[in-house]
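Structure at a glance
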Amino acid sequence: MKIYTLIENTNLKNSVLDSEHGISFYIEMREKIFIFDCGQSGLAWKNAEKLNLNLKKINFAVLSHSHYDHAGGFPALLEYVMPEKIYTGENFWSEKFSKTDDGYIYRGAGFSADDLKSWNIEQKICRDILQVDENIFLVGNFVRRYDFEIIPKKFVVGENKIQDNFDDEICLAIKSGDEIILIIGCSHAGILNIVSTVQERLNLQIKMLIGGVHLLNADENRIDKTLNEVKNFGIKNFAFCHCSGEKICQKLNSKILTTGSILEV
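These remarks concern the structure in this document. Here the structure is a predicted model, which is why all the values come from computation and not from measurement. (Residues numbered from 1 in each chain as written. Predicted model: local features only at pLDDT ≥ 70, side-chain atom pairs only at ≥ 80, totals over all residues. Heavy atoms only, no water.)

**Observations concerning the sheet that holds strand 17 (residues 255-256)**
As summarised here, the arrangement of the 7 strands in space is 9-10-13-14-15-16-17, forming an open sheet in which the pairing is mixed. Edge positions in the sheet fall to strand 9 (129-131) and strand 17, since each of these pairs with one other strand and no more. Against the sheet, helix 5 (residues 191-202) makes contact with strand 9, strand 10 (136-140), strand 13 (170-176), strand 14 (179-184) and strand 15 (205-211), and its axis sits at roughly 145 degrees relative to strand 14, the strand it touches most. (Pairing = 2+ DSSP bridges. Helix = DSSP H or I, 4+ residues; strand = E, 2+ residues; numbered from the N terminus. Contact = heavy atoms within 4.5 Å. Axes fitted to C-alpha atoms, helices over the stretch in contact; angles between N-to-C directions.)

Right, here's the structure in full:
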């Protein structure tokens, strides 16, 4: 399996690729090629062309949640390929906002369920667990066991602007022998809540953790608690990006993913 980072916040010096705040992975397996998250603007697809990746081979797209920097690039993908399905969590269409001193800023996907119908694309919803094929699973509706994994109050949702609990968030688990490779978008629900739920439902050891763990602004106390629990889970390999932050990357000796990074697993 190869995982290409089509878009990420950062870029290598003198790279011909473009970067933006967000994530998109092109995942190439023996029998399937698919997208996990889409970035925010469509730059990911231009990067795919520069990397000589064939977007027409994409079977489906998985959207980890409906924030603009993970789902906003999906409509631009349709210029290259019309996937039959997208996989999302529940309540994906609830509009997301960020609260600021000046009011609220829209942070949603930028397209609607009606748009999806007009494109004739099927939406498959993952609630607790959804098996895509023999080796691909989606997990959502994470059990909130770790009370220190707090979602910032600036994230709100819906017409009434209530606190967003990210019940639309899902992650991707790819079975590799008796272990799994876990790919996450932003881990708004808390990376430990996500990991513990995945291990409980699939009853498999996590071999590698890839993506964003949303600890960029976490204090030392939360970082240390997270480190201790991660060690208890027995995860040995990490490849972080986007919202993860330098502290957790350094302490876990994580590989740092940038736009254009390629992982072979």
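**Overview of the layout of surface pockets**
The space that makes up the largest pocket amounts to roughly 550 Å³. In terms of lining, the largest pocket is formed by 26 residues, of which the most central are Lys-154, Phe-155, His-188, His-214 and Asn-217. Within the lining of the largest pocket, the residues separate by chemical class into 10 nonpolar, 10 polar and 6 charged. Quantified by volume, the second largest pocket comes out at close to 380 Å³. In terms of lining residues, the second largest pocket is bounded by 15 residues, among which Met-1, Met-29, Arg-30, Glu-31 and Asn-135 are the most central. Sort the elements by how many residues they give to the lining of the second largest pocket and strand 13 lands first, with 3 residues. Residues that form the lining of the second largest pocket fall into these classes: 5 nonpolar, 2 polar and 8 charged. (1 Å grid on protein atoms, 1.4 Å probe; cavity = no way out; pocket = protein on both sides within 12 Å on 5 of 7 lines; lining within 4 Å. Points joined across faces, edges and corners; volume = space filled by probe spheres on them. Nonpolar A, V, L, I, M, F, W, Y, C, P; charged D, E, K, R; others polar.)

**Here's the deal with the packing of aromatic side chains**
What the rule picks out here adds up to 14 aromatic pairs. Residues Phe-92 and Phe-111 carry aromatic rings whose centres are separated by 6.4 Å and whose planes lie at 50 degrees to one another, so their mutual orientation is tilted. On the criterion of sequence distance, the pair formed by Phe-92 in the loop between strand 5 (85-89) and strand 6 (96-100) and Phe-111 in the loop between strand 7 (103-106) and helix 4 (113-118) is long-range, its members being 19 residues apart. There is no split in this pair, since Phe-92 and Phe-111 are both buried. Geometrically, the ring pair formed by Phe-238 and Phe-240 is tilted, given 5.6 Å between the ring centres and 55 degrees between the ring planes. (Phe/Tyr/Trp six-rings, centres within 6.5 Å; stacked < 30°, edge-to-face > 60°. Buried < 20%, exposed > 50% of the residue type's maximum accessible area, 1.4 Å probe, protein only.)

**Focus: the environment of Glu-179**
Position of Glu-179 relative to the elements: it lies in strand 14. Overall, Glu-179 belongs to the partly exposed group, its relative accessible area being 31%. Here the alpha-carbon distance between Glu-179 and Leu-204, two residues 25 residues apart in the chain, equals 5.4 Å. Not counting residues up to four positions away in its chain, the partners in contact with Glu-179 are Ile-174, Gln-205 and Lys-207.

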